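Coordinate inspection notes
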Protein chains: 2
Amino acid sequence: MANRRETLLDAAIAVLGERGIHALTHRTIDTAAGLPTGSTSNHFRTRDALFDAVVERFAARERANWEEIAVRMHPTTPRELAHALTVFAQTATGPQRTLTLARYAILVEAGIRPSLRAQLTVTGARVNAWFMNWLRIAGSTDPERDGPIIMNHWTGIILHQLAIPDPAFDPSEQISALVTSVIRSRPAEAPA
Amino acid sequence: MANRRETLLDAAIAVLGERGIHALTHRTIDTAAGLPTGSTSNHFRTRDALFDAVVERFAARERANWEEIAVRMHPTTPRELAHALTVFAQTATGPQRTLTLARYAILVEAGIRPSLRAQLTVTGARVNAWFMNWLRIAGSTDPERDGPIIMNHWTGIILHQLAIPDPAFDPSEQISALVTSVIRSRPAEAPA
DNA sequence: TGCCTAGCACTACGATCGTCGTAGAGTCCG
DNA sequence: CGGACTCTACGACGATCGTAGTGCTAGGCA
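Here we summarise the structure given alongside this text.

Each value, and the rule that gives it
Residues numbered from 1 in each chain as written. Chains lettered and ligands numbered in written order. Predicted model: local features only at pLDDT ≥ 70, side-chain atom pairs only at ≥ 80, totals over all residues. Helix = DSSP H or I, 4+ residues; strand = E, 2+ residues; numbered from the N terminus. Buried ≥ 20, exposed ≤ 12 C-beta atoms within 10 Å, placed from the backbone. Contact = placed C-beta atoms within 7 Å. Near = placed C-beta within 6 Å. Nonpolar A, V, L, I, M, F, W, Y, C, P; charged D, E, K, R; others polar. Least-squares fit on C-alpha atoms with pLDDT ≥ 70 in both.

1. Some thoughts on the overall build of chain A
Along the backbone of chain A there are 9 helices and 0 strands. Put simply, chain A runs from its N terminus to its C terminus through helices and strands in the order α-α-α-α-α-α-α-α-α. Overall size of chain A, expressed as C-alpha extent along the three principal axes, is 65 × 35 × 30 Å. The buried share of chain A, taken over its 192 residues, is 44%. Nonlocal contacts in chain A, meaning residues at least 24 apart in sequence, comprise 66% of its contacts between residues at least 6 apart.

Here's what the structure looks like:
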């Protein structure tokens, strides 16, 4: 716990994912962080300032997380890419469920409070660039077209699994079918 | 305004989409509905009961909305299907932006409060069935595989456009590329 | 050593929230 | 005509929230 400020923000992210935006108050964060009442209020005087900082912290953590993955991952086939994306999806809806819920809560809130969008725009562009790079080395001839398609599908499949969880659901088939279909199709082709 | 209860719930959905979950209180809804203070509290004693009712109302409206579309729409080609989905996406992020934001706020909340999931499960299954039917008549050989893929992508592309709006963004290319790629691909095929 | 600044713990206050109780107005049925 | 029931309006309560203020303490720097 080097920085007390980051301790508070991480506790806030946990509260956000576990109990929702409505429970995100100064005192709740103090309790969750195991710090005396008033700590959050000292660092973030208003609720708006608090939420801005939470989003900034979350975006930074997300960038770091994807960057760590990016340096390790080099899928050379669509199949490998699909497998990696499946593992990511299972992690997001499983062990990191709370963190992922916080992510979607932030996204929805950004739809209402435009001031939150700057951080998300930066992170989104970065993650999108990695996505496109993976698609390129996995064999896509048009990563700029395929990247957003797969990323948006990935976003949707995870949200669906968060909102209406099905323990028996296996995302691998859906993701594999999408990745192979999209990568193999050529943009110039026209349907019969 | 036949039913006062439904008036209140529709006002609640509007508040949810315009100001977020945190602003969804009994008194806020009273004000938004133009009714005297206490009206919401009379119909929904606790906040949980209120939110349950909001979700139920929203799910019912969503079913009715899709059903109305379903009886009119008969896409006979992937291109027609893609065009229709594009129009839906533009409507969801444009004229119906507030309503769509409410939808995603509810989905996120359902990830935290399992009691909300029943209504969403019913509506999701219904919409999914229509999606698969459209895919079938548009030429898909495996609607049960393609339906969830396209619906999840649709969910993701809209959430992204809500959270980080780009006025210049045109979803038609992405949706067309996805729909044609997925429908044309055959499940039995294996990559080289 | 002594000051000065930042971070911290703690308290306080008005506003708002969730919830409950009550009483009047309207409605239906015998 | 009267009684039972439902819907509505309104007020009140304790709890919690957002925010601001005050003083203590520790560590850097002259």
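2. Remarks on the protein's contact with DNA strand D
Not every one of the 16 residues close to DNA strand D is listed here, only the nearest: Thr25, Thr46 and Arg47 of chain A together with Pro36 and Gly38 of chain B. Among the elements of the structure, helix 2 (26–33) of chain A together with helix 3 (39–43) of chain B are those that each provide at least two residues to the surface near DNA strand D. Here the residues of the surface near DNA strand D are counted per class, giving 2 nonpolar, 10 polar and 4 charged.

3. Quick word on the relation of the copies chain A and chain B
Between the two copies, chain A and chain B, the superposition gives an RMSD of 0.0 Å; the rotation angle is 180° and the shift along the axis is 0.0 Å. The transformation relating the two chain copies, once decomposed into turn and shift, fits a two-fold axis. Take the interface residues of chain A: 100% of them recur as interface residues in chain B, which is what a same-surface contact looks like.

4. A word on the interface of chain A and chain B
Many descriptions give the size of an interface as the accessible area lost when the pieces come together. With 43 residues of chain A in contact, the opposing surface of chain B contributes 43 residues. Of all elements in the fold, only helix 5 (78–93), helix 6 (97–112), helix 7 (117–137), helix 8 (143–163) and helix 9 (171–184) of chain A reach the threshold of two or more residues within the side of chain A that touches chain B. Ranked by the residues each element gives to the side of chain A that touches chain B, the list is headed by helix 8 of chain A, at 13 residues. Of the residues in the side of chain A that touches chain B, the class split is 23 nonpolar, 14 polar and 6 charged.

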